[in-house]
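Spelled out from the first residue to the last, the chains are:
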Amino acid sequence: HKAQMDNKERMAKAGTVLVTTGHESHACYAERARAVAHVCQGLFAPREGQSLVKMLETHDAGAVLVVSATGTLLRMRHGAEHKLHGGMGVLRARAFASGERDNLVDACALCAGDTFVDATAGQLQDALVAAVAVGPEGRVIAIEASPLLWAVSSGRPAITGDTLVDSLLPRIEVRLGNHTGTKPLIPARFGNSFLFVRERRRPTRERACAKGEG
């Protein structure tokens, strides 16, 4: 995970973060961009046909978040780009959905209807696999500490074109926060919940007692 940590360090040093939209003129994208700018403590700027390079120079920003119909793109001033892609999580989700076993699912003994809390969301790789395991009646809460990565992973497109991924994303709720505050997120109405922190050697399974249980 060294590459991911290096990316987070570069993001932390991004300086001023600009938030804009794609070239679409739909008001919903501007509304989302303004909300993201508020959460990320960034600066919202209308696109108005400008290139991202020009906008970064004009506002002397270190990064720009672009909210559009295809999701949220993070463009760093030095040229690197980040967009939700799921990575190996998509391949793992497909494999598990087709009947193959997955180490994460086995380690947590995930079942349909469970709640899974991924405390290091990133590109939602583990969250996607967990979403297959818990099924439509289950719930996946993915927590990301980096505001910029949160903007990317929570700003996913409504339709990706991948049937499986499109069925899984609605089961994943992406939240901005730190894994130290995950305990209160486990809802009492779910019998079994799981807290998975990627930095730990092994996943931690926690039982959340429903109201009335001892």
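Structure: above.
First, a word on what this report is: a plain description of the structure on this page. (Residues numbered from 1 in each chain as written. Predicted model: local features only at pLDDT ≥ 70, side-chain atom pairs only at ≥ 80, totals over all residues. Heavy atoms only, no water.)

1. Section: helix 6 (residues 125-134)
Part 1 of the argument: Among the 10 residues in helix 6, 9 count as buried, and that is most of the element.
Part 2 of the argument: When we look at burial in helix 6, the residues that qualify are Asp126, Ala127, Leu128, Val129, Ala130, Ala131, Val132, Ala133 and Val134.
Part 3 of the argument: Following helix 6 by one or two positions, Gly135 has its phi on the positive side, about 75 degrees. (Buried < 20%, exposed > 50% of the residue type's maximum accessible area, 1.4 Å probe, protein only. Helix = DSSP H or I, 4+ residues; strand = E, 2+ residues; numbered from the N terminus.)

2. Side note on the side chain of Glu144
Part 1 of the argument: Mapped onto the secondary structure, Glu144 falls in strand 7 (residues 139-144).
Part 2 of the argument: Side-chain polar atoms of Glu144 contact the backbone nitrogen of Gly122, separated by 2.8 Å. (Polar contact = N/O pair within 3.5 Å; in protein donor to acceptor, adjacent residues only side chain to side chain.)

3. Notes on the pairing of strand 3 (residues 63-68)
Part 1 of the argument: Among the 6 residues of strand 3, 6 are classified as buried, and the element is accordingly described as predominantly covered.
Part 2 of the argument: By the alternation rule, side chains of strand 3 split into Ala63, Leu65 and Val67 and Val64, Val66 and Ser68, which are all buried.
Part 3 of the argument: Pairing geometry for strand 1 (residues 17-21) and strand 3, over 5 bridges, is parallel. What sits directly across from Val17, in strand 3, is Ala63.
Part 4 of the argument: Between strand 3 and the antiparallel strand that follows it, strand 4 (residues 71-76), lie 2 residues. (Pairing = 2+ DSSP bridges.)

4. Considerations on the pairing of strand 7
Part 1 of the argument: Where burial is concerned, most of strand 7 is hidden: 5 out of the 6 residues are buried.
Part 2 of the argument: As judged from the 4 bridges shared by strand 6 (residues 115-118) and strand 7, these two strands associate in the parallel manner. Note on strand 7: the bridge partner recorded for Phe116 is Val140.
Part 3 of the argument: At this point the chain moves from strand 6, through helix 6, to the parallel strand 7, and the crossover so formed is right-handed.
Part 4 of the argument: Note: strand 7 against strand 8 (residues 172-176), 5 bridges, orientation parallel. (Right-handed = clockwise from strand over helix to strand, strands pointing away.)

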